[in-house]
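# A look at the structure
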Amino acid sequence: MFYLGIDVSKAKLDCMLLDSSTGKVKSKSLANTPIGFNQLLEWLDKQKAINPHVVMEPTGVYHEGAALALADAGLIVSLVNPAQLRAFAQGLGVKTKTDKEDSMVLARFGALQKPAAWQPPSTSARRLKALLARRDAVSDDLQRERNRKEAADFGQAPEEVKSSIDQSISFIDMELKRLEQMITEHIDDDPDLRTKKDLLESIPGVGPRVSGHMTALFAGRTFARAEQLAAYLGLVPVQWESGSSVRGRPRMSKAGPAYLRKILYMPAISARRWNPHIKALNDRLLAKGKSKMAIIGAAMRKLAHLCFGVIHSGKPYDPKFAM
């Protein structure tokens, strides 16, 4: 069995091909471009590497082109959590940090751990995710300009500065509305996305922003259990105790995408009052003397579980279910 570890950077792909039956390795460095992807496939053919298992580390957007190209070519592609790789490298005693060494660690991780295959999201899901990311970036820009306007008004800035900020706010506000309209139309035009969004918005506490991002997530990934979704989002508690001397408080793992935890935070706070399941959870934890942040973390995790429940069952939220 062949395992291909690929260390991804903006400019290049550092590849290490490991033959697990013989232990032999071969390396190759290629451009992180469509031409480089084709050259990589040709190189694998020359090495007679039949159906290699590709192991990569997600690196922002830089890994996406290669991952999609290799998956479309019929190869098994796995995306591994960077924290897992660091721990794995430490376990191997690897102290050197180079692109070539990182690709070797990836290949050995694949051979020993055999990570699950990555399922490429559909074109529709990828487009929705891109639109949502752009909408959020523009929304952040709008808030920054509003903050500048407030500071300019308070500091008695020149009228030319205030006028410039007002024009910027007007333009960004129009662009934000245009993007929101595009997102709405894209979801409405796709029956699967529309169904998922409607199911998610049946949950008290889940508004358009959360439903949009969670729709993109469920359209692009498959989760077998609610606990698996919570673990992916980094919402599961991690114990920190050992023997009789180490007695740390459990803390949230925060192992998954931070932007999804960010958008779940305020809805979870609201759901503590308006969602029957999360309100009941909140009351139980308050009675046990749990801290405010621990309760909010539990509410975020419960909200994720409810999102999984409506998508998995295909039924709208039922406030009386298992209460």
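Before any of the text, the structure's been laid out above.
These notes cover the structure that comes with them. (Residues numbered from 1 in each chain as written. Predicted model: local features only at pLDDT ≥ 70, side-chain atom pairs only at ≥ 80, totals over all residues. Heavy atoms only, no water.)

## A short note on the packing of helix α5 (residues 123-154) against helix α6 (residues 159-189)
A packed helix pair is summarised by two numbers, namely the angle formed by the two axes and the spacing between the axes. Put simply, α5 and α6 touch, their axes get as near as 9 Å, and they point 160° apart. With respect to α6, the element α5 is oriented roughly antiparallel. As for the relative orientation of α5 and α6, their crossing is left-handed in sense. Tallied by class, residues from the contact of α5 with α6 come to 14 nonpolar, four polar and 14 charged. (Axes fitted to C-alpha atoms, helices over the stretch in contact; angles between N-to-C directions. Helix = DSSP H or I, 4+ residues; strand = E, 2+ residues; numbered from the N terminus. Parallel < 35°, antiparallel > 145°, perpendicular 65-115°, else oblique. Left-handed = near helix turned anticlockwise from the far one by under 90°. Nonpolar A, V, L, I, M, F, W, Y, C, P; charged D, E, K, R; others polar.)

## Describing the environment of Glu101
Relative to the assigned elements, Glu101 resides in helix α4 (residues 99-113). In this structure Glu101 comes out as partly exposed when scored by relative accessible area, which is 26%. (Buried < 20%, exposed > 50% of the residue type's maximum accessible area, 1.4 Å probe, protein only.)

## Regarding the packing of helix α10 (residues 258-274) against helix α12 (residues 292-313)
Axis separation between α10 and α12 bottoms out at 8 Å; the angle between their running directions is 105°. One way to sum up the angle between α10 and α12 is to call them roughly perpendicular. Judged by residue contacts, Arg261, Leu264, Tyr265, Pro267, Ala268, Ile269 and Arg272 of α10 engage Lys292, Met293, Ile295, Ile296, Ala299, Met300 and Leu303 from α12. Its residues assigned to classes, the contact of α10 with α12 comprises eleven nonpolar, no polar and three charged. (Contact = heavy atoms within 4.5 Å.)

## Let's talk about the environment of Met56
With respect to the element layout, Met56 can be found in strand β4 (residues 53-56). Classification of Met56 by relative accessible area gives buried; the value is 0%. Put simply, Met56 and Ile6 are 50 residues apart on the chain and 5.3 Å apart in space, counted from C-alpha to C-alpha. For Met56, the residues in contact, after removing those within four places along its chain, are Ile6, Val8, His63, Ala66, Ala67, Val77, Ser78, Leu79, Val80 and Leu106.

## Focus: unusual backbone geometry
Leave glycine aside and you will find that most residues have negative phi; peptide bonds, for their part, are mostly trans. Positive phi outside glycine occurs at Lys48, with the angle close to 55°. Relative to the assigned elements, Lys48 resides in the loop between α1 (34-46) and β4. Assessed through its relative accessible area of 65%, Lys48 is described here as exposed. You will see that Lys114, though not glycine, has its phi angle at about 45°, which is positive. Assignment of secondary structure puts Lys114 in the loop between α4 and α5.

## Examining the sheet that holds strand β5 (residues 76-79)
In space, the five strands of this open sheet follow the order β3-β2-β1-β4-β5, with mixed pairing throughout. The open sheet is flanked by β3 (25-31) and β5, the only strands paired with a single partner. Between one strand and the next, the sheet's axes are offset by a mean angle of 20°, whatever the strand orientation. Pairing geometry for strand β1 (residues 2-8) and β4, over four bridges, is parallel. When the sheet's bridge partners are listed, Leu4 is paired in β4 with Val54. (Pairing = 2+ DSSP bridges.)

## Considering helix α8 (residues 208-220)
For α8, built from 13 residues, the straight-helix expectation of 18 Å at 1.5 Å per residue is met to within 8% by its first-to-last C-alpha distance of 18 Å. For α8, a buried count of ten out of 13 residues is recorded, marking the element as mostly surrounded by other parts of the structure. What α8 keeps buried is the set Val210, Ser211, Gly212, His213, Met214, Thr215, Ala216, Leu217, Phe218 and Gly220. The inward-facing, buried residues of α8 abut α5, α7 (191-201), α9 (226-232), α10 and α12. (Expected span 1.5 Å × (residues − 1).)

## Structural notes on the pattern of salt bridges
Scanning the entire structure with this criterion turns up 15 salt bridges. For the salt bridge of Asp166 with Lys149, the shortest nitrogen-to-oxygen distance reads 3.0 Å. Highlighted residues: Asp166 in helix α6 and Lys149 in helix α5, separated in sequence by 17 residues. On the basis of relative accessibility, which here comes to 29%, the residue Lys149 falls in the partly exposed class. Taking the shortest distance from any N to any O, the salt bridge between Lys196 and Asp192 comes out at 2.8 Å. Taken as a pair, Lys196 and Asp192 lie in helix α7 at a separation of four residues, close to a single helical turn. Within the structure, one salt-bridge network assembled from shared partners comprises Lys12, Asp14 and Asp99. (Salt bridge = Lys/Arg side-chain N within 4 Å of Asp/Glu carboxyl O.)

## Details of the layout of surface pockets
One water molecule sets the probe size; rolling that probe over the atoms shows where empty space is left. Within this model, the second largest pocket holds a volume of roughly 680 Å³. Lining the second largest pocket are 21 residues, with Pro250, Arg251, Met252, Met293 and Ala294 sitting closest to its centre. Secondary structure elements with two or more residues in the lining of the second largest pocket: β6 (237-242), β7 (246-252), α10 and α12. (1 Å grid on protein atoms, 1.4 Å probe; cavity = no way out; pocket = protein on both sides within 12 Å on 5 of 7 lines; lining within 4 Å. Points joined across faces, edges and corners; volume = space filled by probe spheres on them.)

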